[in-house]
There are 2 protein chains.
Amino acid sequence: MKQSMTFIPTLREVPADAEVKSHQLMLRAGFIRQNTSGVYSYLPLAQKVLKNIEQIVREEMNNAGASELLMPAMQQAELWQESGRWYSYGPELMRLKDRHNREFALGATHEEVITSLVRDEVKSYKRLPLSLYQIQTKFRDEKRPRFGVLRGREFIMKDAYSFHATQESLDEVYDKMFTAYQNIFTRCGLDFRAVIADSGAMGGKDTHEFMVLSDVGEDTIAYSDTSKYAANIEMAPVISTYEKRSEALKPLEKIETPNQKTIAEISTFLNVAKESCIKSILFKVDDRFVLTLVRGDHEVNDIKLKNLYGATVVELASAEETKETLNCVPGFVGPINVSNDVEVVADHAIAAVVNGVCGANEEHFHFQGVNIDRDAKISQYADLRFIQEGDKSPDGEGVIKFAKGIEVGHVFKLGTRYSEAMDATFLDENGRTQPMIMGCYGIGVSRTLAAIIEQYNDESGIVWPESVAPFQIHVIPVNVKNDAQKDLSDKLYAEFLQKGYDVLLDDRPERVGVKFADSDLIGLPVRVTVGKKAEDGIVEVKVRKTGESFEVSVTELYDKIKQLLGN
Amino acid sequence: MKQSMTFIPTLREVPADAEVKSHQLMLRAGFIRQNTSGVYSYLPLAQKVLKNIEQIVREEMNNAGASELLMPAMQQAELWQESGRWYSYGPELMRLKDRHNREFALGATHEEVITSLVRDEVKSYKRLPLSLYQIQTKFRDEKRPRFGVLRGREFIMKDAYSFHATQESLDEVYDKMFTAYQNIFTRCGLDFRAVIADSGAMGGKDTHEFMVLSDVGEDTIAYSDTSKYAANIEMAPVISTYEKRSEALKPLEKIETPNQKTIAEISTFLNVAKESCIKSILFKVDDRFVLTLVRGDHEVNDIKLKNLYGATVVELASAEETKETLNCVPGFVGPINVSNDVEVVADHAIAAVVNGVCGANEEHFHFQGVNIDRDAKISQYADLRFIQEGDKSPDGEGVIKFAKGIEVGHVFKLGTRYSEAMDATFLDENGRTQPMIMGCYGIGVSRTLAAIIEQYNDESGIVWPESVAPFQIHVIPVNVKNDAQKDLSDKLYAEFLQKGYDVLLDDRPERVGVKFADSDLIGLPVRVTVGKKAEDGIVEVKVRKTGESFEVSVTELYDKIKQLLGN
C-alpha cells in the first residue's frame, strides 16, 4: 500500500486523555480514533491487524472442528426474556425499539440466539456434538469505558458455542478449544496464562480465562514461578501447611485494648506479630451468620467461603448485624464464648497459632494467650484465605507469584443453564428427552489487538510481532524527488508485493526525519531505506525489534529479507 | 469440512412464507434462518459464500486504491444532527439511548462518521484524494422487510467514500470505482447492468446503480438490445423522432363525449388510435401549474418534468386545483384556450399529431381535428415521456427492452452535500479554504449473495458459480458403513484439501437418496460419489451446472477435477 493514498494520521504528542500505553500508541500511530466514549473507528492499519488476528482465530477454530456462522446484532427481547437475562443483565445490555415499538437487545453475547437456532433444528443425539462460532461486533454499555479499545462499548469478539449429548463430549471439546486458544494467543506472540477462573453464578465446573500479562490488567493472577499453574487469585487453593511454634501454652487472659480495632493497631499495641493475631470477621452467608477466622497477616477469600457453604450470596455482616449476633461492635469480635447459633470456621493456619490474640466480643477488650482448640469451639477448619505471594503453588511445584492480566479469552462449561431455560432438548439413544449440554468460548479480538501493543512497544512506538503486523516491510525513499531513489523504491515495492510480502511504501513528500519517526511509531518488522546509495543499488535494512541495521545490495536484499521474515 | 460436524439444516418442503426463489432456496439448503422479521442468521454455508464475495470486493477495492477501515455501528446523534439527517431520515433510522440517556443512531450508512473522521485529520489538498471503505453490518428499519435477505433490516454492506480537492479527481476515482464494480459483479458470475440512475435530492450529476437482472427485482431497467446502454426507466431520454402523417388538416371541432374520461375510453368512443389522442395532465411544479401533453400511448415521466424546471417537488394537481386553474374537472382538460398563467409543455411526439383529439376544458366535451401548433399555445416542447420498449436506445444503438433488476451496487458523486453541512474543508494550493468534494460507493454484500442464487438455480436447488461457491467439491460416500467407500472418501477428502480445494465431505450415516438431494440443493460445482466401485478405485464425478456425469479412476481424478475447476 502506498502511504500517500491511505489514512495513517500520526500524532507527535501523547494524547492527554490516554492513560495506557496501547491506547496512546494506537492514537499516535494512527490506528484508531474515538467516535464517542468507548466507541472507536479502526483506521486502515488497525483493520489490517484485526484481519490478521481474525485469520489466526479462524484457522484454529476450524481446526478445532468449529464452523463459522454469523448471527445478528439485533436480537428480539423475547429471546432474552426466555433466558431471563432481559431482566438480570442490567444497563450494560443496550436496548432499542423498532418502528413497531417491538423491543430488541443489541447483542452483548449470543447464547440466546444460538440456543434458539440449534434448538429449532437439532432434535437427536445423532446430530451432536456441534460447535459453531462467529466473529462479530458486540455491544455492551460499560459503566466506565476506558483504556481505548481495551474496554469499549462496541467491540469485536469471537464467540463460539458447543452443544453436547454428554458431559464427556463437552469435556473433549472444551479441551480442544483450550488448545486452540493456546495456539491462537501463542501465534499472536502474546505472553499469557490460562488461569483457573470463577464459574460464578453459571454453576459450571471448569472455566479458564486467558490472561495477557500486563501491568494495566484489571485482574490479579496467582501463578507458579516454575510450573504452568495459574489462577485468578480468588480461585487459587492454599496448600501450605503450618507448624505450631514450640512454646509453652499461656493462660487465656482478657486485656484492655482501648480503640485498638485493626490487626495493625493491636499488633503494635501489644507488640505481637500479626501472625499471632486471629482476625475474626462475621459474614452473612445466605441466611446464616458465620464467624470466619484467619491469621492477622492473611485475608478472607469470600469466594472460598461461598463455595464452602454452596451459598448464593456472601456478604460482610453489617455493624448492626454484628452487634445483634455477637453483642459487640466490629473490631473487637472473636471466637471465644459465642452463641451456638453462630458457626465459627477457621482457616487451617489458625490451628497452628500458639498463644494468640483475638477480640473478646467486648468493646475495647481482647484476649491474649489464646489457643484456639482449648479456648473456642470451631465448627470446621477450611481453606479460607487468599493465596499470597510466596505460598506454595497449588500444584506442588514452585512458589506463587502475582501478576496483573488483561482477559483476552474465556472458555466455559455452561452446562444446561441456557438449554433448560430455553427448552433446547434432544432425544438421547434411549429416546429420552434431555437438555443439551453447552460450552461457550470467547475471544476479545479488538482487545487482543490492544493487548499485543501493551506487550510490544518501546520508547519510539509499536514493535509488531511478524504474525499480526499490519505490513511486514516498510519501504522508505529518503527523497521522493530524487529519481534514482524513487525508481528503486517503486521497483522494490512492486517486487516485494509480487513475492507475496505485505508492503507499505512511504511515497509521501515528507522530510526523512518525519518518515523515520512515523515508521518507528507504526513499528513494522523490517524497514528498507532507499537513500543516496540507490544509484549504486545499495539500501539500508533495519530490524524494528532489535534496532539492528545494515547496508545490503539489492541483489542480496531478498535473501536477507527471507532470513528475517521467512517467505 | 465434514458434514456431520457442521450445521446445514436442509428442508424438504418449500417454506410457505418465502415468496422468491433465493429466499426459498436459502432456507431449504440450510443457508439462513430468520431470527425475526428482516433479521437473519447466516449459517455456515452462507457465511462461506459471504466471505468469498467479501474477498472479491476487497481485492477490487484495494486495486482501485481504496483502504479498508472499520467504523462503528453506534453513531452519536450529534453527527446526524450536523448533517440534518437525524431529522430527515425518518423511522428507517434505528435509534437508541445509552445508560446516560445520550442518543445514538445505528449506522444505516456512514457518510456522517467518515466525514467527521476525515475532516478532523485532513487539512490540506496534499492529503487528497483519499478513498476509504469498510465491509460492515448496517441497520435500516425497513417498513416492509421481504424476500429474505434481499430486503432485510440488518444486512452486510461494503460502503466506500472518497474525498477530493477537485471535480476532476472525483471523476477519476468514480471511473475507477465503476470499473471495480463491474469486475466485482462479473467475478461473482452475475448478469447485471450498470444503469444510469436518478441522483435525487443529492444534486450529484453522475450516479449509476448496478442492477442484477431478475424478475423479482423491484426496479425497471431500460436497456439496449445491442449496446451496453442501460438506465432506470425514469432516467432514459427518448431520442425517437416522429413523422407527421400526410393528411389534410381538418378544422377544429368541439364534440360531445359524455363520461369519456380516459384515453382508452375516448379512443374507443371516437374510434381513433391512441396515437392520435393528446393526453393532458396538470402538474404542480413547485409553486406553479404546468399542463403537460403526451401522446395517448405514452406516459408522463415526472422526473423529466422535475429536471426540466429544476424543481424540488412535482406532484399531480388535485381535482380542486385543476378546477381552479382550468375551470374543468380532470378527464376533459386540454391545451386549447387556456389562460396565459398556465404553462403548456408538450412532448416532442405531440408536434407530429395530425387531426388529433384532446379535452375541451369543458365537462363531457373534447376537441377533434386538433393540430396543436395551429390550435394551441405551447410554451415549449421537451422530452417528457417515459421511454418504452421498442424505442430507439438513447445511445443510438439498438432498441430498448425492459428488464427487472435487483440493485446490488450504487456509485454516486455526492459533491459537497456532507462536507458543507459538516464543515469538512481543506486548504487548496492557493491557501483558500474549500469544502471537500465527495463520492460514495455501496455494495449490498448479503443482497448480492441472494441475487446470485436468483440467477443460479434449477428445479433441484442452487447451482453455484465456482468463484463464490461455499465449497468447490462435494465428496459423497454412498455408504459410510462400507469400509472401502469410507476409506476412499476420507482419503480423497484429505487429498483435495491438501491440494488447496475447499471440500465438503458428506460423512453422515444417511441414505444415499437423502445425500444426493441435499447435495443438489446445496449446489456445489463438482460432486465426487464414492460407491460400489470404490474397491476398484473408480468414482463418479458429476458436474452440477451441466448435469454431466462420468466414472473415472482415482488415478485420473485430479486431472479431471483440474480441468473442471482449475487449481
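Look a little higher up for the structure.
Remember, it's a predicted structure, so these values are computed and weren't measured experimentally.

1. Focus: the pattern of salt bridges
Residues and elements named next belong to chain A.
Here is step 1 of the chain: Taken as a whole and judged by the stated rule, the model has 78 salt bridges over all chains.
Here is step 2 of the chain: Between K138 and D159 there is a salt bridge whose closest N-O contact spans 3.1 Å. Of the two residues, K138 sits in strand β7 (residues 130-139) while D159 sits in strand β8 (residues 154-164), which places them 21 residues apart along the sequence.
Here is step 3 of the chain: A relative accessible area of 2% places D159 in the buried class.
Here is step 4 of the chain: If you follow the salt bridges from partner to partner, you end up with R12, D506, R508 and D518 in one network.

2. Some remarks on the packing of helix α2 (residues 44-63) of chain A against helix α12 (residues 445-455) of chain A
All names here are of chain A.
Here is step 1 of the chain: Contact geometry of α2 with α12 gives a least axis separation of 10 Å together with a crossing angle of 110°. Regarding the angle of α2 to α12, the classification is roughly perpendicular. Contacts from A46, V49, L50, I53 and E54 in α2 reach V445, S446, T448, L449 and I452 in α12.
Here is step 2 of the chain: Considered class by class, the residues forming the contact of α2 with α12 number 7 nonpolar, 2 polar and 1 charged.

3. As for the packing of helix α13 (residues 483-498) of chain A against helix α15 (residues 554-565) of chain A
Residues and elements named next belong to chain A.
Here is step 1 of the chain: Orientation of α13 relative to α15, taken along the N-to-C sense of each, is 40°, at an axis distance of 12 Å. As α13 packs across α15, the resulting crossing turns out to be right-handed. In this structure, α13 contributes L488, K491, L492, E495 and F496 to the contact, and α15 contributes V554, L557, Y558 and I561.
Here is step 2 of the chain: Counted by class, the contact of α13 with α15 contains 7 nonpolar, no polar and 2 charged residues.

4. Regarding empty space enclosed by the protein
Here is step 1 of the chain: Under the definition given, this model contains 4 cavities of 30 Å³ or more.
Here is step 2 of the chain: What lines the largest cavity is a set of 31 residues, and nearest its centre among them are I135, Q136 and T137 of chain A together with I135 and T137 of chain B.
Here is step 3 of the chain: For the lining of the largest cavity, the secondary-structure elements that each account for two or more residues are β2 (39-42), α2, β7 and β8 of chain A together with α2 (44-63) and β7 (130-139) of chain B.
Here is step 4 of the chain: For the lining of the largest cavity, the residue count by class is 17 nonpolar, 6 polar and 8 charged.
Here is step 5 of the chain: Within this model, the second largest cavity holds a volume of roughly 80 Å³.
Here is step 6 of the chain: What lines the second largest cavity is simply L70, M71, P72 and Q136 of chain A together with Y40, Y42, T137, E154, F155 and I156 of chain B.
Here is step 7 of the chain: Mapped by element, the contributors of at least two residues to the lining of the second largest cavity are β2 (39-42) and β8 (154-164) of chain B.

5. Remarks on the relation of the copies chain A and chain B
Here is step 1 of the chain: Superposing chain A onto chain B takes a rotation of 180° combined with a translation of 0.0 Å along the rotation axis, leaving an RMSD of 0.1 Å. Both copies of the chain, as the preceding transformation shows, are related through a two-fold rotation axis. The position closest to the rotation axis in chain A is occupied by the C-alpha of L96 of chain A, lying 2.6 Å away.
Here is step 2 of the chain: In this assembly the copies share their binding face: 100% of the residues contributing to the interface of chain A also contribute to that of chain B.

Here is what the cut-offs are and how they apply
Residues numbered from 1 in each chain as written. Chains lettered and ligands numbered in written order. Predicted model: local features only at pLDDT ≥ 70, side-chain atom pairs only at ≥ 80, totals over all residues. Heavy atoms only, no water. Salt bridge = Lys/Arg side-chain N within 4 Å of Asp/Glu carboxyl O. Helix = DSSP H or I, 4+ residues; strand = E, 2+ residues; numbered from the N terminus. Buried < 20%, exposed > 50% of the residue type's maximum accessible area, 1.4 Å probe, protein only. Axes fitted to C-alpha atoms, helices over the stretch in contact; angles between N-to-C directions. Parallel < 35°, antiparallel > 145°, perpendicular 65-115°, else oblique. Contact = heavy atoms within 4.5 Å. Nonpolar A, V, L, I, M, F, W, Y, C, P; charged D, E, K, R; others polar. Left-handed = near helix turned anticlockwise from the far one by under 90°. 1 Å grid on protein atoms, 1.4 Å probe; cavity = no way out; pocket = protein on both sides within 12 Å on 5 of 7 lines; lining within 4 Å. Points joined across faces, edges and corners; volume = space filled by probe spheres on them. Least-squares fit on C-alpha atoms with pLDDT ≥ 70 in both.

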